[in-house]
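# Structural overview for review
Single-letter residue listing:
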Amino acid sequence: MKPSIPKGTRDFSPTEVANRTYIMNTIKTAFETFGFQPIETPSFENSSTLMGKYGEEGDRLIFKILNSGDFLKKADEKLLSEKESIKVTSQISEKALRYDLTVPFARYVVQHQNEITFPFKRYQIQPVWRADRPQKGRFREFYQCDADVVGSQSLWQEVEFIQLYDTVFSKLGLENTTIKINNRKILSGIAEVIGAQEKLIDFTVALDKLDKIGQEKVEAEMLSKGITEEAIQKVQPLFSFEGSNLDKLTSLEKMLSTSEEGKNGVEELRFVINSITELGLQSANLEVDVTLARGLNYYTGAIFEVAAPKGVKMGSIGGGGRYDDLTGIFGMPDVSGVGISFGLDRIYLVLEELKLFQSVDLPKPKVLFLNFDAETDIVKMKAITTLRNAGIKCEMYPDLAISNNQQKKQWKYATNREIEFVVSKVEKERYLLKNMQNFEQTECSLAEIIEKVK
RNA sequence: GUGAUUGUAGCUCAGCUGGUUAGAGCGCCGGAUUGUGGUUCCGGAGGUCGCCGGUUCGAAACCGGUCUUUCACCCCA
């Protein structure tokens, strides 16, 4: 049998684990600096917790777990024979792998509301699973690093999350990321102005193609989707949506003057933009992007998305937003939440592409005891124990070398693993210690080894 | 879900338009040489050419299906 792993999953080598840990620790440190506390939730949840939270497309991408036992016996005969996959699935699968960290978190908040002091700031770094087609930067198992606040309506949270993005990416040496920001209320306002809520998605999708296919074709696409000429006229400013964030806000304000909700969204956005302008960012750029809609239908206020530096072809490396009703679904209304997510795996790929990883020291022994004779094994193991107790990483080559070639293999092992010191000979409490870098060889006592190696 | 793309020794790949026992480098194992290493040399193990079926006198090479890889669309981290 040829060994293999499922589509969209990966193994990680020691070096990769080290690099991933480095990213994770950077994010974790920033989270804690900003006052977030860690929680963890199960890998799988009840299907009812997850289904219907991510839209139709999302439901399709959730990995379902089959019930145990004779699950088919409990399924409806008629549905089975008619091959009603979706309905049958709900009968034979009651659990599913988590799709993101936000919905399980909302569930957590509602379930533990009596133990929580609000506003509650939590972070969570765990894998999530999606039954997607893998491609560049897209996996079926990947890590999300989420930070959310529930129980605060203050827009300062939005401001702080932008600072948090900036802090993490700056620390990682990843400069010139673009934090795109939009507001669901602005989108609602646009929908109001063009006179159709359900056409909003078509509208933003078409608008997003502006720099690719040009204004004429975008307008043509909108018309074909049933958006009226008159409506397109009303939102004309969006077609020349250039310039500074403040310019954009000004034209949005004019355009949405007839929509209460739209004006509200512009106000919120203005507060965030002004605050960030005042506070400054280290290396990220903040950019108003009205085409930013995101599929997650639970966002109600701010919407974030982070793009990698220009020139790196990669989907968004972070995203988030404000959701006012998420805990309401679980029976806890009127709790506003806002949060962001970092895509660990994509950040990894971007850092790799830009060669931003420092060379990491892999765990390895500092001293290797060669194994050329069995008589001194006990002496060597005792010495190793002493060194380990002194905090020095060391080990004995496990297999005894009999032939010349086998001895050579041990030297080669030390070379390949870049081990700094080798003890090749032990005689009457005296150890032959070799420095592998400068080839210097000295006979010394155990205490002297500790001294030299430290 | 749509459209492409990939699949040959542990790894990286050769193998021309179908034709004899399928190759190389690295790695691995054994040995020689080097006083205790990164050199050089000799030898060896290891492949049902992703899988199934078809075309053909003959297929790793052609065709179909399937799985896998990578990529674009969709969507997303």
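In what follows, the accompanying structure is described. (Residues numbered from 1 in each chain as written. Chains lettered and ligands numbered in written order. Predicted model: local features only at pLDDT ≥ 70, side-chain atom pairs only at ≥ 80, totals over all residues. Heavy atoms only, no water.)

### Quick word on the overall build of chain A
A tally of regular secondary structure across chain A gives 18 helices and 16 strands. For 454 residues, the compact-globule estimate of 2.2 N^0.38 gives 22 Å, and the C-alpha radius of gyration of chain A, at 29 Å, exceeds that figure by more than 25%. Taken over 454 residues, chain A has a buried fraction of 47%. Across chain A, contacts joining residues at least 24 apart in sequence account for 68% of those joining residues at least 6 apart. Counting only carbon and sulfur atoms, one obtains 50% of the accessible surface of chain A, whose full area is about 24,200 Å². Computed over 59 positive and 65 negative side-chain charges, the inter-centroid distance for chain A is 6 Å. (Helix = DSSP H or I, 4+ residues; strand = E, 2+ residues; numbered from the N terminus. Rg over C-alpha atoms; globule rule 2.2 N^0.38 Å. Buried < 20%, exposed > 50% of the residue type's maximum accessible area, 1.4 Å probe, protein only. Contact = heavy atoms within 4.5 Å. Areas by Shrake-Rupley, 256 points an atom, 1.4 Å probe, with all protein chains shown as cover. Lys, Arg positive; Asp, Glu negative; His and termini not counted. Charge placed at Lys NZ, Arg CZ, Asp CG, Glu CD.)

### As for the packing of aromatic side chains
Going through the model one piece at a time under the given rule, you end up with 17 aromatic pairs. Aromatic pair Tyr54 and Tyr99: ring centres 4.3 Å apart, planes at 40°, arrangement tilted. Placement of Tyr54 in the loop between α2 (47-50) and α3 (55-61) and of Tyr99 in the loop between β4 (95-97) and α6 (102-111) is noted, with a sequence separation of 45 residues between them. Per residue, the accessibility class of Tyr54 equals that of Tyr99, and both read buried. For the ring pair Tyr397 and Tyr413, a centre distance of 5.2 Å and an interplane angle of 85° mean the geometry is edge-to-face. Remark: Tyr413 occurs in helix α17 (residues 404-416) and Tyr397 occurs in the loop between β13 (394-396) and α17; sequence separation between them is 16 residues. Residue Tyr413 is classed as partly exposed on the basis of its relative accessible area, which comes to 25%. Of note, Arg10 hangs over the ring of Phe139, and the distance from its end group to the ring centre comes to 3.6 Å. A cation over a ring is seen here: Arg20 above Phe12, with NZ or CZ 3.8 Å from the ring centre. (Phe/Tyr/Trp six-rings, centres within 6.5 Å; stacked < 30°, edge-to-face > 60°. Lys NZ or Arg CZ within 6 Å of the ring centre and 35° of its normal.)

### Section: the sheet that holds strand β15 (residues 430-435)
Strand order in this open sheet of five strands is β13-β12-β14-β15-β16, and the pairing throughout is mixed. The open sheet has two edge strands with one neighbour each: β13 and β16 (441-444). Looking at each pair of strands side by side, their axes are set apart by 25° on average, direction ignored. Bridge count between β15 and β16: four bridges; the pairing is antiparallel. Counted as the bridge partner of Leu433 is Thr442 from β16. (Pairing = 2+ DSSP bridges. Axes fitted to C-alpha atoms, helices over the stretch in contact; angles between N-to-C directions.)

### Notes on the packing of helix α8 (residues 184-194) against helix α14 (residues 260-279)
Following both chains from N to C, one finds α8 and α14 inclined at 150°, their axes separated by 7 Å at the closest point. If you check the angle between α8 and α14, you find them roughly antiparallel. The way α8 lies across α14 gives a crossing that is left-handed. Residues Lys185, Ile186, Ser188 and Gly189 of α8 touch α14, and the partners they reach there are Glu261, Gly262, Asn264, Gly265, Val266, Glu268 and Leu269. (Parallel < 35°, antiparallel > 145°, perpendicular 65-115°, else oblique. Left-handed = near helix turned anticlockwise from the far one by under 90°.)

### What to know about the environment of Ala18
By secondary structure assignment, the location of Ala18 is in helix α1 (residues 14-33). Separated by 342 residues in sequence, Ala18 and Val360 have C-alpha atoms that sit 6.9 Å apart. Each residue touching Ala18, except ones within four places of it in the same chain, is listed here: Val360 and Leu362.

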